[in-house]
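As a plain string of letters, each chain reads:
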Amino acid sequence: MSALKQLQQIVGETQVLTGEAMTPYLIDWRGRYRGEALAVVRPGSTEEVAAVVRLCAEHKIPIVPSGGNTGMCGGATPDESGRALVVCLARLNRVREIDTDNDTITVEAGCILQAVQEAARASNRLFPLSLAAEGSCTIGGNLSTNAGGTQVLRYGNTRELALGLEVVTPQGEIWHGLRGLRKDNTGYDLRDLYIGSEGTLGIITAATMKLYPLPVAQRIAMLALNSLEDAIAMLSRARAGFGASLTGFEVMMGPVLKAVVRLYPQQRLPFEGPSADAPWFAILELSDSESAEHAQARFESVLGAAIEDGLVVDAAIAENIAQSKAIWHLRESIPLAEAELGKSIKHDVSIPISLIGQFVKTTNAALQAKFPGIQNIVFGHLGDGNLHYNVARAPNQTEQELLATQYEVYQLVHDSVHAHGGSISAEHGVGQLKRDELTRYKTELELRLMKQIKQALDPHGLMNPGKVLQT
Ligand code: FAD
Ligand code: 2HG
Ligand code: ZN
């Protein structure tokens with residue numbers, strides 16, 4: 001019997017897609033990568049995933065796991081050989097358990113992030129992972145890329161929110177590691193090995209994640225600033241003034257927000273006059289566990305002093321939930337606006353916060369010297385030292401001309417990141433986008449250890465080949 005027929009027997013005929021039906025799984029959301037596949041299979045349970053993987057192991061069929069296909073690095077897109085099977089986890093979408101005494105939620109890998117947040121909220125708890133793709137990305141994809149988002153400075157990235165995993169190994173065995181323990185020092189941490197491995201070591205089928213108390217009150221403001229250095233100084237003040245109540249500190253270039261409101265006229269900047277033309281903006285979020293009055297008093301004292309000292313040019317404080325949402329919506333619209341404006345070259349980098357100002361200045365100057373007129377699109381999670389240092393075409397350049405320079409641009413920016421002690425992937429992972437760049441910055445020892453881990457867990461190299469590491 002053919003492998004396709006056997007797949008149909010495992011998951012049911014309608015859950016094996018071929019031909020045109022595969023198209024959405026063969027191209028990444030930015031349209032940067034396109035591949036081919038033997039088929040797309042949509043198992044409905046962990047046991048079905050395991051049976052599919054055992055079949056693949058038997059026939060030496062490569063596997064590409066796929067969640068919501070919102071990843072930034074082409075990790076869920078198969079190569080052009082047409083040999084791989086795309087295994088989509090979307091049907092594994094049940095919330096298995098909420099344990100409010102243990103403050104944990106156990107969910108299947110295909111659960112949409114927003115559904116996990118909503119399930120937590122329905123139990124009067126917070127699941128704090130938050131990013132603009134939350135309406136379509138899956139928790140399995142978040143774990144596999146160790147996604148960050150806008151609350152990392154308070155709650156950590158996905159790795160720090162995960163307590164236990166259920167994983168199907170490349171041999172098709174099921175590792176039942178769904179432990180809700182905050183302490184477990186029983187040898188090598190398999191959980192942390194799978195998190196951030198981008199589907200190259202196994203398929204995550206479920207996870208036990210941490211929950212937190214819902215904040216009693218929140219205050220959110222957009223700040224107009226004269227410089228990135230002022231944003232960094234403001235971040236220090238906010239940290240000192242709010243401590244663990246500081247749950248968000250985002251930064252963005254003025255022209256980037258201007259582009260958002262130009263493109264989406266239903267959105268508006270919360271400033272008028274000269275403040276609307278500020279070169280930089282920041283979003284500040286305070287989550288208080290006492291009361292709205294307490295939150296307001298703390299917010300006013302820190303912000304008031306910053307305005308008085310000239311560190312902040314202007315502050316638009318949200319008066320209600322709708323205004324808070326509108327401020328966050330402006331920020332979250334940046335990636336989609338950027339995509340609508342044309343193809344850009346993305347760098348998701350982290351730098352020690354103290355060196356970010358210098359990094360941006362020297363990298364901007366070096367880029368302009370080599371590619372005159374090239375445009376910066378800089379924004380990101382300043383509270384985590386994570387910038388999206390993206391680059392768009394110069395006015396006299398076509399998109400193709402920009403993309404023709406992309407490897408030179410990557411190298412210039414990434415060399416600068418490296419020289420500033422940073423990382424060339426802060427939160428999006430490696431996928432196929434940064435696979436070759438990785439070899440320029442990891443030491444020989446680091447690469448060798450990574451390859452040995454891959455070899456030990458996936459000796460036939462069937463799990464997401466060509467991603468993260470060269471195969
Ligand atoms: P996919 O794109 O389907 O897959 C991503 C990788 O994980 C692939 O390598 C895939 O093979 C693997 N994978 C998927 N599911 C599994 C599984 N169950 N087991 C094993 N491997 C698996 N990221 C951030 O970190 N911070 C942000 O703020 C952020 N904002 C974003 C905003 C927008 C508008 C968009 C489109 C993306 C954003 N991202 C952000 C990118 C981010 O990586 C993804 O949104 C998300 O984490 C990926 O989830 P997904 O389900 O779409 O995974
Ligand atoms: C964000 O922070 C995402 O909005 C996407 O990580 C970043 O589009 C990007 O470069
Ligand atoms: Zn981001």
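Just so you know, these numbers come straight off a predicted model, no measurement behind them.

Procedures and definitions
Along each chain, numbering runs from 1 in the same order as the chain's sequence is written. By the order in which they are written, chains take letters starting at A while ligands take numbers starting at 1. Totals for whole chains, interfaces and linings use every residue, but because this is a predicted model, local features are given only for residues with pLDDT of at least 70 and side-chain atom pairs only at 80 or more, for both listing and counting. Note: side-chain values were computed over all heavy atoms of the structure, leaving out hydrogens and water. Put simply, DSSP H or I for four residues or longer makes a helix, DSSP E for two residues or longer makes a strand, and each gets a number counted from the N terminus. Type-normalised accessible area, obtained with a 1.4 Å probe on protein chains alone, sets the label of each residue: buried when under 20%, exposed when over 50%, and partly exposed for intermediate values. Contacts are assigned to residue pairs with any non-hydrogen atoms lying within 4.5 Å of each other. Inter-axis angles, ranging from 0 to 180 degrees, are taken between N-to-C directions of lines fitted to C-alpha atoms, where helices are fitted over the stretch in contact. Here the word oblique covers every angle except those under 35 degrees (roughly parallel), over 145 (roughly antiparallel) and from 65 to 115 (roughly perpendicular). Less than a right angle of anticlockwise turn of the near helix away from the far helix marks a crossing as left-handed, whereas a clockwise turn marks it as right-handed. Boundaries between domains were set according to an automatic or database domain assignment. Buried area is calculated as the accessible area (1.4 Å probe) missing from two parts once they are joined, with the contributions of both summed. One speaks of a salt bridge when a side-chain nitrogen belonging to Lys or Arg is within 4 Å of a carboxyl oxygen belonging to Asp or Glu. Pairs of N or O atoms are called polar contacts if they sit within 3.5 Å, as long as, within protein, a hydrogen donor faces a hydrogen acceptor (for residues adjacent in sequence, only side-chain-to-side-chain pairs). Residues are sorted three ways: Asp, Glu, Lys and Arg are charged, Ala, Val, Leu, Ile, Met, Phe, Trp, Tyr, Cys and Pro are nonpolar, and all the rest, Gly among them, are polar. We define the nonpolar core as a collection of buried residues of types Ala, Val, Leu, Ile, Met, Phe, Trp, Tyr and Cys that are connected through side-chain atoms lying within 4.5 Å of one another. Here a donor is any nitrogen, oxygen or sulfur atom (N, O, S) within 2.8 Å of the metal, with 3.2 Å used for Na, K and Ca; water is not among the atoms considered, so some sites may look incomplete. For two strands to pair, DSSP has to find at least two bridges joining them. The pocket and cavity definitions rest on a 1 Å grid over protein atoms only: a 1.4 Å probe that fits but cannot leave marks a cavity, an open set with protein on both sides within 12 Å along at least five of seven lines marks a pocket, and residues lining either have an atom within 4 Å of a point. Grid points are joined across faces, edges and corners, and a volume is the space filled by probe spheres set on the points.

A. Spatial organisation of the environment of leucine 367. With respect to the helices and strands, the residue leucine 367 is situated in helix α13 (residues 356-370). Of the residues examined, leucine 367 reaches a relative accessible area of 1% and is grouped as buried. C-alpha separation for the pair leucine 367 and leucine 412, spaced 45 residues apart in sequence, amounts to 7.4 Å. Residue contacts for leucine 367: discarding those within four places in its chain leaves Pro372, Ile374, Asn376, Tyr389, Val391, Val409, Leu412 and Val413.

B. Structural context of the packing of helix α8 (residues 228-242) against α13. Viewed as axis vectors pointing N to C, α8 and α13 meet at an angle of 165°, and their least axial separation amounts to 9 Å. Taken together, α8 and α13 sit at an angle that is classed as roughly antiparallel. The crossing of α8 and α13 is right-handed. Contacts from Leu228, Glu229 and Ile232 of α8 reach α13 at Ile356, Gly357, Val360 and Lys361.

C. Fine view of the domain arrangement of the protein chain. One can read the domain layout of the protein chain as domain 1 (3-88), domain 2 (95-213), domain 3 (217-336) and domain 4 (342-430). For domain 3 and domain 4, the distance between their C-alpha centres works out to 24 Å. Contact residues are listed per partner, giving 15 residues for domain 3 and 15 residues for domain 4. Summed over both sides, the interface of domain 3 with domain 4 buries roughly 1,300 Å², with 68% coming from carbon and sulfur. The tally of links from domain 3 across to domain 4 stands at one salt bridge. Note that glutamate 229 and lysine 361 form a salt bridge whose closest N and O atoms lie 3.2 Å from each other. Our count for the contact surface shared by domain 3 and domain 4 stands at seven residue pairs in polar contact (both at pLDDT 80 or more). At the level of elements, α8 and β13 (246-253) are the ones that each hand at least two residues to the side of domain 3 that touches domain 4. With six residues, α8 is the single largest residue contributor to the side of domain 3 that touches domain 4. The residue makeup of the side of domain 3 that touches domain 4, split by class, is 11 nonpolar, no polar and four charged.

D. Just the nonpolar core, in detail. Leu223, Met234, Phe281, Leu284, Phe359 and Leu367 are the most contacted members of the largest nonpolar core, which has 77 residues in total. Counting residues in each nonpolar core, the second largest holds 29 residues, with Ala119, Leu131, Ala147 and Leu161 among its members.

E. The arrangement of the coordination of the zinc ion (ligand 3) in detail. Protein coordination at the zinc ion (ligand 3): the donors are His381 (NE2), His388 (NE2) and Glu427 (OE), at 1.9 to 2.1 Å from the metal. Read from N- to C-terminus, the donor residues coordinating the zinc ion (ligand 3) fall into the pattern H-x6-H-x38-E. Take histidine 381 and histidine 388: they sit in the same class, and that class is buried.

F. Structural view of the sheet that holds strand β14 (residues 280-288). A sheet is described by the order of its strands in space; here seven strands give the open sequence β15-β12-β14-β13-β17-β18-β16, paired in antiparallel fashion. Single-partner strands in this sheet number two, and they are β15 (314-317) and β16 (348-350). In this sheet, neighbouring strand axes are inclined to one another by 20° on average, regardless of whether the strands run parallel or antiparallel. Of the strands in this sheet, β12 (217-225), β13 and β14 are in contact with α8, which crosses β13 at around 175°. Here α13 sits on the sheet in contact with β16, β17 (375-381) and β18 (386-392), set at roughly 15° to β18.

G. Region of interest: the pairing of β14. Buried residues dominate β14, accounting for nine of its nine residues. Burial along β14 is two-sided: Trp280, Ala282, Leu284, Leu286 and Asp288 facing one way and Phe281, Ile283, Glu285 and Ser287 facing the other are all buried. Summarising the sheet, β12 and β14 pair through nine bridges and their orientation is antiparallel. Along β14, the bridge assignment pairs alanine 217 with aspartate 288.

H. Focus on empty space enclosed by the protein. Counting across every chain of the model gives one cavity of 30 Å³ or more. By volume, the largest cavity is sized at about 40 Å³. What lines the largest cavity is simply Arg435, Leu438, Thr439, Leu447, Lys451, Val468, Leu469 and Gln470. Of all elements in the fold, only α16 (435-441) and α17 (444-457) reach the threshold of two or more residues within the lining of the largest cavity. In terms of residues, the lining of the largest cavity owes the most to one element, α16, which gives three residues. The residue makeup of the lining of the largest cavity, split by class, is four nonpolar, two polar and two charged.

I. Molecular detail of the sheet that holds strand β2 (residues 39-41). Read across the open sheet, the four strands follow the order β1-β2-β4-β3; overall the sheet is mixed. The two strands at the open ends of the sheet, each matched to only one other strand, are β1 (16-17) and β3 (63-66). Bridge count between β1 and β2: two bridges; the pairing is antiparallel. In the strand pairing of β2, leucine 17 is matched with valine 40. Strand contacts of helix α2 (residues 46-59): β2, β3 and β4 (85-88), with the helix running at about 165° to β4, the strand carrying the most contacts.

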